[in-house]
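Chain by chain, the residues run as shown.
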Amino acid sequence: MRLPGAAAVLRDRNLARFAGATAVSALGGGMADIALAFAILDLAGPTELGLVFLAREVPLVALVLLGGVWADRVSRKTILVGADAIRALAQAAIAVLLFTGTADIWKIVLLQVAFGGANAFSRPAYTGLIQQLVAPGALQQANALLGLARSPARIAGPAVGAVLVTAAS
(Lines give C-alpha, C1' and ligand atoms only; values in the text may rest on other atoms or scores of the structure.)
Protein backbone atom coordinates (compact mmCIF):
# COMPACT_ATOMS: atom_id res chain seq x y z
CA MET A 1 0.00 0.00 0.00
CA ARG A 2 1.41 3.38 -0.99
CA LEU A 3 1.38 6.09 1.64
CA PRO A 4 -0.25 8.70 -0.64
CA GLY A 5 -3.13 6.27 -1.32
CA ALA A 6 -3.56 5.56 2.37
CA ALA A 7 -3.52 9.23 3.25
CA ALA A 8 -6.04 9.96 0.50
CA VAL A 9 -8.75 7.93 2.24
CA LEU A 10 -8.37 10.18 5.28
CA ARG A 11 -9.73 13.06 3.21
CA ASP A 12 -13.10 11.33 3.25
CA ARG A 13 -14.77 12.92 6.27
CA ASN A 14 -17.20 10.05 6.83
CA LEU A 15 -14.43 7.45 6.79
CA ALA A 16 -12.25 9.56 9.10
CA ARG A 17 -15.11 9.89 11.59
CA PHE A 18 -15.85 6.18 11.28
CA ALA A 19 -12.18 5.36 11.97
CA GLY A 20 -12.22 7.63 15.03
CA ALA A 21 -15.40 6.02 16.32
CA THR A 22 -13.89 2.57 15.72
CA ALA A 23 -10.82 3.50 17.77
CA VAL A 24 -12.89 4.92 20.64
CA SER A 25 -15.12 1.86 20.63
CA ALA A 26 -12.15 -0.53 20.70
CA LEU A 27 -10.58 1.45 23.56
CA GLY A 28 -13.78 1.41 25.60
CA GLY A 29 -14.42 -2.25 24.87
CA GLY A 30 -10.98 -3.22 26.11
CA MET A 31 -11.41 -1.17 29.26
CA ALA A 32 -14.85 -2.66 29.92
CA ASP A 33 -13.62 -6.23 29.42
CA ILE A 34 -10.89 -5.79 32.04
CA ALA A 35 -13.25 -4.10 34.49
CA LEU A 36 -15.82 -6.87 33.98
CA ALA A 37 -13.21 -9.58 34.48
CA PHE A 38 -12.04 -8.10 37.77
CA ALA A 39 -15.63 -7.58 38.92
CA ILE A 40 -16.55 -11.20 38.17
CA LEU A 41 -13.43 -12.49 39.91
CA ASP A 42 -14.32 -10.36 42.93
CA LEU A 43 -17.92 -11.57 42.85
CA ALA A 44 -17.32 -15.27 42.12
CA GLY A 45 -14.41 -17.13 40.55
CA PRO A 46 -12.63 -18.12 37.35
CA THR A 47 -15.30 -20.63 36.30
CA GLU A 48 -17.97 -17.94 36.44
CA LEU A 49 -15.68 -15.58 34.56
CA GLY A 50 -15.44 -18.11 31.76
CA LEU A 51 -19.21 -18.56 31.82
CA VAL A 52 -19.79 -14.81 31.53
CA PHE A 53 -17.48 -14.44 28.53
CA LEU A 54 -18.87 -17.63 26.95
CA ALA A 55 -22.36 -16.14 27.30
CA ARG A 56 -21.21 -13.28 25.07
CA GLU A 57 -19.72 -15.51 22.38
CA VAL A 58 -22.43 -18.18 22.00
CA PRO A 59 -25.11 -15.80 20.66
CA LEU A 60 -22.51 -14.20 18.40
CA VAL A 61 -21.72 -17.54 16.79
CA ALA A 62 -25.37 -18.62 16.72
CA LEU A 63 -26.75 -15.40 15.23
CA VAL A 64 -24.02 -13.96 13.01
CA LEU A 65 -25.48 -15.49 9.83
CA LEU A 66 -28.86 -13.96 10.65
CA GLY A 67 -27.05 -10.69 11.33
CA GLY A 68 -25.52 -10.89 7.87
CA VAL A 69 -28.93 -11.40 6.28
CA TRP A 70 -30.29 -8.38 8.14
CA ALA A 71 -27.26 -6.30 7.18
CA ASP A 72 -28.10 -6.96 3.53
CA ARG A 73 -31.76 -6.01 3.92
CA VAL A 74 -31.87 -3.24 6.54
CA SER A 75 -29.94 0.00 6.81
CA ARG A 76 -26.49 -0.84 8.14
CA LYS A 77 -26.40 2.44 10.01
CA THR A 78 -29.66 1.55 11.76
CA ILE A 79 -28.30 -1.86 12.72
CA LEU A 80 -25.05 -0.37 14.05
CA VAL A 81 -26.82 2.30 16.08
CA GLY A 82 -29.29 -0.23 17.46
CA ALA A 83 -26.56 -2.73 18.31
CA ASP A 84 -24.47 -0.04 19.99
CA ALA A 85 -27.50 1.02 22.04
CA ILE A 86 -28.13 -2.56 23.17
CA ARG A 87 -24.48 -3.07 24.07
CA ALA A 88 -24.34 0.23 25.94
CA LEU A 89 -27.49 -0.59 27.89
CA ALA A 90 -26.16 -4.05 28.75
CA GLN A 91 -22.85 -2.61 29.99
CA ALA A 92 -24.62 0.15 31.91
CA ALA A 93 -26.97 -2.37 33.52
CA ILE A 94 -23.99 -4.49 34.61
CA ALA A 95 -22.33 -1.40 36.08
CA VAL A 96 -25.52 -0.52 38.00
CA LEU A 97 -25.80 -4.09 39.30
CA LEU A 98 -22.19 -4.07 40.44
CA PHE A 99 -22.29 -0.62 42.04
CA THR A 100 -25.55 -1.32 43.88
CA GLY A 101 -24.34 -4.69 45.12
CA THR A 102 -27.21 -6.55 43.44
CA ALA A 103 -25.13 -8.36 40.84
CA ASP A 104 -25.59 -12.08 40.43
CA ILE A 105 -23.75 -14.18 37.88
CA TRP A 106 -26.99 -15.20 36.15
CA LYS A 107 -28.01 -11.52 35.68
CA ILE A 108 -24.62 -10.70 34.20
CA VAL A 109 -24.77 -13.80 31.97
CA LEU A 110 -28.16 -12.71 30.60
CA LEU A 111 -26.84 -9.21 29.91
CA GLN A 112 -23.81 -10.67 28.16
CA VAL A 113 -26.13 -12.80 26.00
CA ALA A 114 -27.82 -9.55 24.90
CA PHE A 115 -24.39 -8.01 24.29
CA GLY A 116 -23.31 -10.99 22.17
CA GLY A 117 -26.57 -10.96 20.23
CA ALA A 118 -26.05 -7.31 19.40
CA ASN A 119 -22.50 -8.12 18.26
CA ALA A 120 -23.89 -10.77 15.92
CA PHE A 121 -25.82 -8.09 14.05
CA SER A 122 -23.17 -5.40 14.36
CA ARG A 123 -20.22 -7.24 12.82
CA PRO A 124 -21.73 -7.96 9.40
CA ALA A 125 -23.24 -4.48 9.25
CA TYR A 126 -19.84 -2.96 10.09
CA THR A 127 -18.13 -4.90 7.32
CA GLY A 128 -20.78 -3.96 4.77
CA LEU A 129 -20.77 -0.31 5.80
CA ILE A 130 -17.08 0.04 4.98
CA GLN A 131 -17.86 -0.99 1.41
CA GLN A 132 -20.55 1.69 1.26
CA LEU A 133 -18.28 4.43 2.60
CA VAL A 134 -15.48 4.22 0.07
CA ALA A 135 -15.00 3.62 -3.62
CA PRO A 136 -14.07 0.05 -4.57
CA GLY A 137 -10.52 1.14 -5.44
CA ALA A 138 -9.99 2.57 -1.95
CA LEU A 139 -11.34 -0.41 -0.01
CA GLN A 140 -7.91 -1.84 0.79
CA GLN A 141 -6.66 1.52 2.10
CA ALA A 142 -9.85 2.03 4.10
CA ASN A 143 -9.56 -1.39 5.72
CA ALA A 144 -5.92 -0.70 6.53
CA LEU A 145 -6.86 2.64 8.10
CA LEU A 146 -9.56 1.02 10.21
CA GLY A 147 -7.13 -1.68 11.28
CA LEU A 148 -4.63 1.01 12.29
CA ALA A 149 -7.36 2.79 14.24
CA ARG A 150 -8.42 -0.41 16.07
CA SER A 151 -5.11 -2.08 16.86
CA PRO A 152 -3.53 0.49 19.20
CA ALA A 153 -6.87 0.98 20.94
CA ARG A 154 -7.20 -2.77 21.50
CA ILE A 155 -3.80 -2.72 23.18
CA ALA A 156 -4.35 0.47 25.15
CA GLY A 157 -7.91 -0.36 26.26
CA PRO A 158 -7.06 -3.26 28.56
CA ALA A 159 -4.01 -1.39 29.88
CA VAL A 160 -6.07 1.70 30.73
CA GLY A 161 -8.81 -0.53 32.16
CA ALA A 162 -6.29 -2.26 34.42
CA VAL A 163 -4.94 1.06 35.64
CA LEU A 164 -8.45 2.33 36.37
CA VAL A 165 -9.43 -0.87 38.19
CA THR A 166 -6.25 -0.72 40.23
CA ALA A 167 -6.79 2.94 41.08
CA ALA A 168 -10.45 2.36 42.00
CA SER A 169 -9.67 -0.67 44.17
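Here we summarise the structure given alongside this text. From a predicted model like this one, the values you see are computed outputs, not experimental measurements. (Residues numbered from 1 in each chain as written. Predicted model: local features only at pLDDT ≥ 70, side-chain atom pairs only at ≥ 80, totals over all residues. Heavy atoms only, no water.)

So, the overall build of the protein chain
Link 1 in the chain: Each helix and strand counted, the protein chain has six helices and zero strands in total.
Link 2 in the chain: Overall, the protein chain shows an N-to-C arrangement of helices and strands of α-α-α-α-α-α.
Link 3 in the chain: When its C-alpha atoms are laid out on the principal axes, the protein chain stretches across 50 × 35 × 25 Å.
Link 4 in the chain: In the protein chain, which comprises 169 residues, the share counted as buried stands at 37%. (Helix = DSSP H or I, 4+ residues; strand = E, 2+ residues; numbered from the N terminus. Buried < 20%, exposed > 50% of the residue type's maximum accessible area, 1.4 Å probe, protein only.)

Focus: the packing of aromatic side chains
Link 1 in the chain: Across all of its chains, the model carries two aromatic pairs by this definition.
Link 2 in the chain: Pairing Phe18 with Tyr126 gives two aromatic rings, centres 5.1 Å apart and planes at 35°, and the pair type is tilted. Of this pair, Phe18 sits in helix α2 (residues 13-43) while Tyr126 sits in helix α5 (residues 105-133), and the two are 108 residues apart along the sequence.
Link 3 in the chain: Looking at Phe18, the relative accessible area reads 14%, which means it is buried.
Link 4 in the chain: Note on Trp70 and Phe121: the rings are 5.8 Å apart at their centroids and 90° apart in plane angle, and the pair reads as edge-to-face. Of this pair, Trp70 sits in helix α3 (residues 46-73) while Phe121 is found in helix α5, placing the two residues 51 residues apart along the sequence.
Link 5 in the chain: Trp70 sits in the partly exposed class, given a relative accessible area of 43%.
Link 6 in the chain: One residue, Arg56, lies across the ring of Phe115, its end atom 4.4 Å from the ring centre. (Phe/Tyr/Trp six-rings, centres within 6.5 Å; stacked < 30°, edge-to-face > 60°. Lys NZ or Arg CZ within 6 Å of the ring centre and 35° of its normal.)

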